[in-house]
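# An overview of the molecular structure
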2 protein chains.
Amino acid sequence: MCPRIVEIRQKVLKKNDELARRMRGRFVAERRFTINLVSSPGSGKTALLERTLAELQQAGHAVAALVGDLETDHDARRLARSGAPVKQINTHGCCHLEAEMVRRHLEDWDLPGCRFLFIENVGNLVCTASYDLGESLRVVLLCVTEGEDKPLKYPGLFNSADVAVITKIDLAAACEFDRDVAYANVHTVRPGMRIFETSSTSGQGIADWVRWLCERRQTWVDQADR
Amino acid sequence: MCPRIVEIRQKVLKKNDELARRMRGRFVAERRFTINLVSSPGSGKTALLERTLAELQQAGHAVAALVGDLETDHDARRLARSGAPVKQINTHGCCHLEAEMVRRHLEDWDLPGCRFLFIENVGNLVCTASYDLGESLRVVLLCVTEGEDKPLKYPGLFNSADVAVITKIDLAAACEFDRDVAYANVHTVRPGMRIFETSSTSGQGIADWVRWLCERRQTWVDQADR
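Position numbers for residues start from 1 in each chain and track the written sequence from start to end. Each chain takes a letter, starting from A, and each ligand takes a number, starting from 1, following the order in which they are written. Local features in this predicted model are restricted to residues whose pLDDT is 70 or higher, and side-chain atom pairs enter the listing and the counts only when it is 80 or higher, whereas totals over whole chains, interfaces and linings include all residues. Heavy atoms from the whole structure form the basis of all side-chain values; hydrogens and water molecules are not counted.

## As for the pattern of salt bridges
Residues and elements named next belong to chain B. What counts as a salt bridge is simple: a side-chain nitrogen of Lys or Arg found within 4 Å of a carboxyl oxygen of Asp or Glu. One pass over the structure, following the stated rule, counts 33 salt bridges over all chains. Note that glutamate 100 is salt-bridged to arginine 103, the shortest N-O span being 2.8 Å. Placement of the pair is glutamate 100 and arginine 103 together in helix H4 (residues 99–106), with a separation of three residues, close to one helical turn. What makes glutamate 100 partly exposed here is its relative accessible area of 31%. By the criteria applied, helices consist of DSSP H or I runs no shorter than four residues and strands consist of E runs no shorter than two, each listed in order from the N terminus. For the exposure calls, accessible area comes from a 1.4 Å probe over protein chains only, and a residue counts as buried if that area is under 20% of its type's maximum, exposed if over 50%, partly exposed in between.

Now the structure itself:
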């Protein structure tokens, strides 16, 4: 890559990091657990989020979601059916979300009592890794149809994540998904990372995933309260 | 995006375009039909290429492949099993291939009589659209598991392609793939674009695809010979 682009990109990243840090402080002050979902295009971020928003609301939690895409508001409309407040961020050519985009869309958005704020990033396994959004938790999705080698091919993103969710597990047999190899590859890049297996179609694994999210938020709140 | 990045990026793109133009001239002079495959990570570029290299070699064509990935040489090793000459390009953090990377890897690579040169791009639906590699044909893959809306969400890439290949068609029923919607979305972005439906597992559609590639190369050669 051209050295001048690298230099300017580092400045942009530095500015992004500073804003993300301020936003992280704000999320803590509001006790709003913020989750950044990253993955390839089409690996099931929106479907997982539909299930997750529904489950959390059923359990009495106030939730909200920001959804990033280059174009269209398809995903925001899909997610809004859950009854949760949802906003679409259209990046118009930018392959990832940046902290400033999140900040701008949160401005003047009243979310009283919101405990979980989900940010669905643009489908991209590279540049999304570099942009901190101030999130409390970064979730990387790995779809069984994508192949088990993605963690090795995109180590930066898998290494930057806190937890991995394997999606479309109902298709595992049909595409001869090798669970052991996938786990080994995730753990090569990020030893010990927690991995969930889910299907947004059948619902498999969703309850465990949502329970873990709630526990994880509680631990985070307890730390902030101290 | 930061205006200075946009400005420098335009300069980089301009330089890339100039090199790509020179390479395109060279590919024509060598009668080497060059195919740039673009798609999401995990939508089956390598699997389609394995099938395609095997079929073309069986039909007596000399072929070669360049394979782009951030890290690992998994794909090059997979493709080399076909007996075709293969080279891996590791981009180490860069989310797309650039003409200069292709030029560098072709330097001193003797490919006598090579008629088809395949370039498997990095899995990315955004930045790969902007970098011309001097190819004769750009192929965009759309995997049935990814959802039918990808052309609308990533119009830049679908619009820059010459042909679309729907992959993993054997999983269409399992993931309730809506063929009509997918076709309509492709044609909204790129009216009339030719679409193939393939499965690299069952072999469905591969013969049609390879036959079309050979015809397309012949038309291209005829134009060059005039």
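## What to know about unusual backbone geometry
Residue and element names in this part refer to chain B. For arginine 31, which is not glycine, the phi torsion reads 55 degrees and is therefore positive. Mapped onto the elements of the fold, arginine 31 is located in the loop between helix H1 (3–30) and strand E1 (33–38). Positive phi, normally seen in glycine, also occurs at glutamate 176, with a value near 50 degrees. Glutamate 176 gets classed as exposed once you look at its relative accessible area, which sits at 65%.

## Notes on the relation of the copies chain A and chain B
When the copies are superposed, the least-squares fit takes in the C-alpha atoms of residues with a pLDDT of at least 70 in both. The transform that puts chain A on chain B rotates by 180 degrees and translates by 0.0 Å along the axis, for an RMSD of 0.0 Å. Overall, the copies show the geometry of a two-fold rotation axis. Contacts are assigned to residue pairs with any non-hydrogen atoms lying within 4.5 Å of each other. Comparing interface residues between copies, 100% of those in chain A also sit at the interface in chain B, which points to an isologous, same-surface contact.

## Quick look at helix H7 (residues 179–189) of chain B
Residues and elements named next belong to chain B. Those residues of H7 that fall on the buried side of the exposure criterion are Ala182, Tyr183, Asn185, Val186 and Val189. Projection of H7 onto a plane perpendicular to its axis shows the buried side chains occupying an angular sector of 165 degrees, all on one side. Across H7 from its buried face, at more than 90 degrees, point the exposed residues Asp180 and Thr188. Buried residues along H7 sit in contact with strand E5 (137–143), helix H5 (150–153), helix H6 (155–160), strand E6 (163–167) and strand E7 (194–197). Each polar contact in these results corresponds to two N or O atoms within 3.5 Å; when the atoms are within protein, one needs to be able to donate a hydrogen and the other to accept it, and residues that are neighboring in sequence are counted only if both atoms are side-chain atoms. The N-cap residue of H7 is aspartate 178: its side-chain oxygen and the backbone nitrogen of aspartate 180 are 3.3 Å apart. Arc definition: it is the arc formed by the directions from the helix axis to the C-beta atoms.

## What to know about the packing of aromatic side chains
Stacked, edge-to-face and tilted are the three classes for Phe, Tyr and Trp ring pairs, Trp counted by its six-membered ring, which pair at centre distances within 6.5 Å; planes under 30 degrees apart are stacked, over 60 edge-to-face, the rest tilted. Inspection of the entire model under this criterion finds 12 aromatic pairs over all chains. Relative to phenylalanine 116 of chain B, the ring of phenylalanine 33 of chain B lies with its centre 6.2 Å away and its plane at 90 degrees, an arrangement referred to as edge-to-face. Here phenylalanine 33 of chain B, found in strand E1, pairs with phenylalanine 116 of chain B, found in strand E4 (residues 116–120); they are 83 residues apart in sequence, far enough to count as distant. Overall, phenylalanine 116 of chain B belongs to the buried group, its relative accessible area being 1%. Members of the aromatic cluster, each reached through a chain of ring pairs, are Phe33, Phe116, Phe118 and Trp220 of chain A. Lying across the ring of tyrosine 183 of chain A, arginine 179 of chain A places its NZ or CZ 4.5 Å from the centre. Consider the ring centre and the ring normal. A charge sits over the ring if Lys NZ or Arg CZ is within 6 Å of that centre and within 35 degrees of that normal. The cationic tip of arginine 217 of chain B hangs over the ring face of phenylalanine 116 of chain B; the distance from NZ or CZ to the ring centre is 5.7 Å.

## As for the confidence of the model for chain A
The pLDDT value tells you how sure the predictor is about a given residue, anywhere from 0 up to 100. Looking at chain A as a whole, the pLDDT averages 96, with 98% of positions reaching at least 70. Here the complex is predicted with pTM 0.94, and the ipTM for its interfaces comes to 0.90.

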